[in-house]
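Residue strings, one per chain:
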Amino acid sequence: MSDCIFCAIVAGTAPASVVLDESDVLAFMDIRPFTPGHLLVVPKRHASGLAQLDPEDGAKVFAAGQRIATALRSSALPVDGVNLFLADGVAAGQEVFHVHLHVVPRTARDGFGVRANAQSPTRTVLDGTADAIRSALGSDGA
Ligand code: AMP
Ligand code: ZN
């Protein structure tokens, strides 16, 4: 896609600090890192969101993220843990509309975090929500 910054990085027409370059996947440092070592894994084929992403490309993106997460733990960087994070849609915080998996190295006191809900919903509510999602999945969810 011509106006996509990540396509430009894949094409080599925009700068990036590349970590991994495979036939279908590229990983490079995030320019505004949440923590030191925060990087992004993208499919080389443009897909604006998860609905447009070829599942095979998705599998390759995840596999690269998994490999990099393992490498981070044995790297010279301070890494006690890793978060994998993907924003799909504006409401989820997506700003760049070319699918990307955030790989975020974590240390105990880095201040980065996702807040969990303190209270569990009732089982009835959880079952109702599961029903709604199963219906959307169709036979795949059975
Ligand atoms: P998201 O909010 O999930 O869409 O995240 C977009 C991410 O892309 C942000 O963390 C940005 O810092 C990062 N980003 C934007 N432009 C570039 C770029 N040219 N090179 C590297 N990272 C970028
Ligand atoms: Zn793109």
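All residue numbers refer to positions counted from 1 along the written sequence of the respective chain. Here every chain gets a letter starting at A, and every ligand a number starting at 1, in the order they are written. Under the rules for a predicted model, residues below a pLDDT of 70 receive no local features and side-chain atom pairs below 80 are neither given nor counted, while totals for whole chains, interfaces and linings still include all residues. Side-chain numbers here rest on the full set of heavy atoms in the structure, without hydrogens or water.

Novice: Any chance you could explain the overall build of the protein chain here in plain terms?
Specialist: The helix and strand labels rest on DSSP assignments: H or I over at least four residues marks a helix, E over at least two residues marks a strand, and numbering proceeds from the N terminus. The secondary structure content of the protein chain amounts to 3 helices and 5 strands. Helices and strands in the protein chain line up, N terminus first, as α-β-β-β-α-β-β-α. Dimensions along the principal axes, computed over C-alpha positions, put the protein chain at roughly 50 × 40 × 25 Å. In what follows, residue pairs with any heavy atoms lying within 4.5 Å of each other are defined as contacts. By sequence separation, contacts in the protein chain at least 24 residues apart represent 52% of the contacts at least 6 residues apart. Summing over all exposed atoms, the protein chain offers an accessible surface of approximately 9,200 Å²; the carbon and sulfur share of this is 55%. In this description, accessible areas are obtained by the Shrake-Rupley approach with a 1.4 Å probe, and a residue is regarded as covered only by the protein chains that are shown.

Novice: It is not clear to me how the nonpolar core should be interpreted in this structure. Could you clarify?
Specialist: Note on soluble globular proteins: their nonpolar side chains tend to be buried together. By size, the foremost hydrophobic cluster in this structure holds 12 residues: Leu20, Val25, Ala27, Leu39, Val41, Val61, Ala64, Ile68, Leu72, Val79, Leu101 and Val103. Mapped onto this core, the elements with two or more residues apiece are strand S2 (25-29), strand S3 (39-43), helix H2 (55-73) and strand S5 (101-106). The element that contributes the greatest number of residues to this core is H2, accounting for 4 residues. Setting aside residues up to four positions removed in sequence, Ile68 forms contacts with Leu20, Ala27, Leu39, Val41 and Val103. Of all hydrophobic cores here, the second largest spans 10 residues; its members include Cys7, Ala8, Leu26 and Val42. The criterion is simple. A nonpolar core is a set of buried Ala, Val, Leu, Ile, Met, Phe, Trp, Tyr and Cys residues joined through side-chain atoms within 4.5 Å. Note on classification: 1.4 Å probe, protein chains only; a residue is buried when its accessible area is under 20% of the maximum for its type, exposed when over 50%, partly exposed between these limits.

These figures come from the coordinates and say nothing about function on their own.
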